[in-house]
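Chains, contacts and geometry: an overview
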Amino acid sequence: MTRPFATIGFSFAAALVAASLLSLNGSIAMAVVCGLCFFVLLAVRPTLRMGRAGRQCLLAALLAAAAAFSLYGCFEVFRYRPAVALEGGTARVRLQITELPQNRGTVDICEVQVMEDAAVSGLSGAAVLPKGSRMIALVDAELDAEAFDILEGEVELSRLEDTLNGEARNSFKAKGQYLRASFTGWGGEGIAVEEPDRLPLYGAVIALRETARDQVMYRLPGDTGALVCSVAFGYREDLSDQIQDDFRAAGMSHLVAVSGLNVSLLAQVLLWRCRDFPRPRSGRES
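A brief structural summary. (Residues numbered from 1 in each chain as written. Predicted model: local features only at pLDDT ≥ 70, side-chain atom pairs only at ≥ 80, totals over all residues. Heavy atoms only, no water.)

**A closer look at the overall build of the protein**
Stated precisely, the cut-off is as follows: A run of H or I in DSSP becomes a helix once it reaches four residues, and a run of E becomes a strand once it reaches two; helices and strands are each numbered from the N terminus. Note on exposure labels: buried denotes an accessible area under 20% of the residue type's maximum, exposed denotes more than 50%, and partly exposed covers the range between, all computed with a 1.4 Å probe on protein chains only. Under the convention used here, a 1.4 Å probe and the Shrake-Rupley method define accessible areas, while residue burial counts only the protein chains that appear.
The secondary structure content of the protein amounts to eight helices and 11 strands. Within the protein, buried positions represent 33% of all 286 residues. Of the roughly 18000 Å² that the protein leaves accessible, carbon and sulfur atoms contribute 59%.

**Describing the pattern of salt bridges**
We count it as follows: Salt bridges are counted wherever a side-chain nitrogen of Lys or Arg sits within 4 Å of a carboxyl oxygen of Asp or Glu.
If you walk through the whole model with that rule in mind, you get eight salt bridges. One salt bridge in this structure joins Glu 99 and Arg 209, with 3.7 Å as the shortest N-O distance. With a gap of 110 residues between them, Glu 99 in the loop between strand E1 (90–97) and strand E2 (102–104) and Arg 209 in helix H5 (residues 201–219) connect regions that are remote in the sequence. For Glu 99, a relative accessible area of 19% puts it in the buried group.

**Some words on the nonpolar core**
The tendency in soluble globular proteins is for nonpolar side chains to be buried side by side. Counted only if it meets this: To form a nonpolar core, buried Ala, Val, Leu, Ile, Met, Phe, Trp, Tyr and Cys residues must be joined to one another through side-chain atoms within 4.5 Å. Here, two residues are considered to be in contact whenever any of their heavy atoms come within 4.5 Å of each other.
Counting 24 residues, the largest nonpolar core has Leu 129 and Met 135 as the members making the most contacts within it. The biggest single contributor to this core is E1, with four residues. When neighbours within four sequence positions are excluded, Met 135 is seen to be in contact with Leu 95, Cys 110, Glu 111, Val 112, Val 114, Leu 129, Leu 157, Gln 177, Leu 179 and Ala 181. Core analysis: the next-biggest nonpolar cluster, separate from the first, contains nine residues, Ala 15, Cys 34, Ala 68 and Phe 69 among them.

**Some words on helix H6 (residues 223–233)**
Keep this limit in mind: In this description, one arc is meant: the one made by directions from the helix axis to the C-beta atoms.
Looking at H6, one finds that the buried residues are Gly 225, Ala 226, Cys 229 and Ser 230. All buried residues of H6 lie within an arc of 140 degrees about the axis, which places them on one face of the element. Of the surrounding secondary structure, the elements contacted by the buried residues of H6 are H5. At the C-terminal side of H6, Gly 234 shows a positive phi close to 85 degrees.

**Focus: a nonpolar patch on the surface**
Spelled out, the test is: Exposure above 30% relative accessible area and no salt bridge define the residues that can form patches, which grow by joining like charges within 9 Å and nonpolar side chains of Val, Leu, Ile, Met, Phe, Trp and Tyr within 5 Å.
A contiguous nonpolar surface patch, about 270 Å² in accessible area, is contributed by Ile 28, Val 32 and Leu 36. For Val 32, a relative accessible area of 46% translates into the label partly exposed.

**Things to note about the environment of Ala 31**
With respect to the secondary-structure elements, Ala 31 resides in helix H2 (residues 24–43). Taking C-alpha positions, Ala 31 is 9.4 Å from Ala 15, a pair spaced 16 residues apart along the chain. When sequence neighbours within four positions are dropped, the list of residues in contact with Ala 31 reads Ala 66, Phe 69 and Ser 70.

**Section: the pairing of E1**
For a regular strand, side chains alternate in direction, first toward one face of the sheet and then toward the other. Rules: By the convention used here, strands pair only if DSSP detects at least 2 bridges between them.
As paired strands, E1 and strand E4 (residues 118–121) are joined by two bridges and run antiparallel to one another. Each bridged residue has a counterpart across the sheet, and for Thr 90 the counterpart in E4 is Ser 121. Bridge count for E1 against strand E7 (residues 150–159) is seven bridges, and the pairing is antiparallel. Across the sheet, residue Thr 90 finds its bridge partner in E7, namely Glu 156. Sheet analysis places E1 next to strand E3 (residues 107–114), joined by three bridges and oriented antiparallel. Across the sheet, the residue bridging to Gln 96 is Gln 113, located in E3.

**Topic: the packing of helix H1 (residues 4–21) against helix H3 (residues 51–84)**
Selection rule: Every axis in this analysis is a line fitted to C-alpha atoms, fitted for helices over the stretch in contact. Angles between the N-to-C directions lie between 0 and 180 degrees. The handedness criterion is simple: a crossing whose near helix is rotated anticlockwise from the far helix by less than a right angle is left-handed, and one whose near helix is rotated clockwise is right-handed. Classification convention: Asp, Glu, Lys, Arg as charged; Ala, Val, Leu, Ile, Met, Phe, Trp, Tyr, Cys, Pro as nonpolar; all other residues, Gly among them, as polar.
The contact between H1 and H3 brings their axes to 8 Å, and the two run at 35 degrees. Once H1 is placed against H3, the crossing between them reads as right-handed. Touching Thr 7, Ile 8, Ser 11, Phe 12, Ala 15, Leu 16, Ala 18, Ala 19 and Ser 20 of H1 are Cys 57, Ala 60, Ala 61, Ala 64, Ala 65, Ala 67, Ala 68, Phe 69, Leu 71 and Tyr 72, all from H3. Looking at the contact of H1 with H3 residue by residue, the class counts come to 16 nonpolar, three polar and no charged.

**Comments concerning unusual backbone geometry**
Despite not being glycine, Phe 148 shows a phi value in the positive range, around 75 degrees. As for its position among the elements, Phe 148 is in the loop between strand E6 (134–140) and E7.

**Let's talk about the packing of aromatic side chains**
Selection criterion: Side-chain rings of Phe, Tyr and Trp (the six-membered ring for Trp) are treated as a pair once their centres are within 6.5 Å; stacked means planes under 30 degrees apart, edge-to-face means over 60, and tilted covers the remaining angles.
Evaluated as defined, the whole model comprises four aromatic pairs. Both rings, one in Tyr 72 and one in Phe 75, keep their centres 6.0 Å apart while their planes meet at 50 degrees; by these two values the pair is tilted. On the criterion of helical spacing, the pair formed by Tyr 72 and Phe 75 is a turn pair, its members being three residues apart in helix H3. Here Phe 75 and Tyr 178 contribute two aromatic rings whose centre-to-centre distance is 6.0 Å and whose plane-to-plane angle is 70 degrees, an arrangement assigned as edge-to-face. Of this pair, Phe 75 sits in helix H3 while Tyr 178 sits in strand E10 (residues 177–183); the two residues are 103 residues apart in sequence, bridging distant segments of the chain. Relative accessible area serves as the criterion here: at 8%, Tyr 178 is assigned to the buried category. Counting every residue linked through ring pairs, the aromatic cluster contains Tyr 72, Phe 75, Tyr 80 and Tyr 178.

Okay, here's the thing in structure tokens:
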């Protein structure tokens, strides 16, 4: 087997994708099947048709697939299902916004993290929302909350829908966000907003991103600047409904999102510019 890591990586990734499409029982069944096939093949002597290299490749693929299905099953049992079991409960929480809020009219959609353990009421038994849990919070836009602000108030917990803000539920699940927190106090009533004692390094990056967006929108007002900010910085909320509908109709919605292609283009532009700077000579001159 000349490229074992490629075989293991592709098999592991393919098994994770398959597990995300299956139920918990299906993932466990696939883990058992892959594990049994691995041990059976391990006990059988290689044939001339398969060869030693082919047998090793298949063994590596089966082992990687069994590990992926098993890990996904453990993730479902020990992390995802206990979190979504809190659906329908209410809790008094302290949340810190971890990304720039996205405005949707009268609502701000915020990525938040729980700062302290919070008791959840309204369920059949005692439950706790653990510290460090990541969620999507719906906040009244009148609060004008900023990234890394701390919010305190009573929230209702619900499971994230199949789609929210144009993103699939699986994309939130991959980021460890399983619940939506809706503040019961609307219009700012019963919600306390605190500024953090200090901003992390990522906070400076977000502030720079927001400043760049403001400068672009000042010099290119309207949909032109909104399109530039969407491609360059990920501010899709600045796009008008008409522009978004046009991109969806053309099947090109992915072009208005920050992606690997956009980052590659930016890196290539920077590389071209760096070529203009003088470089020190390497080695000895003859």
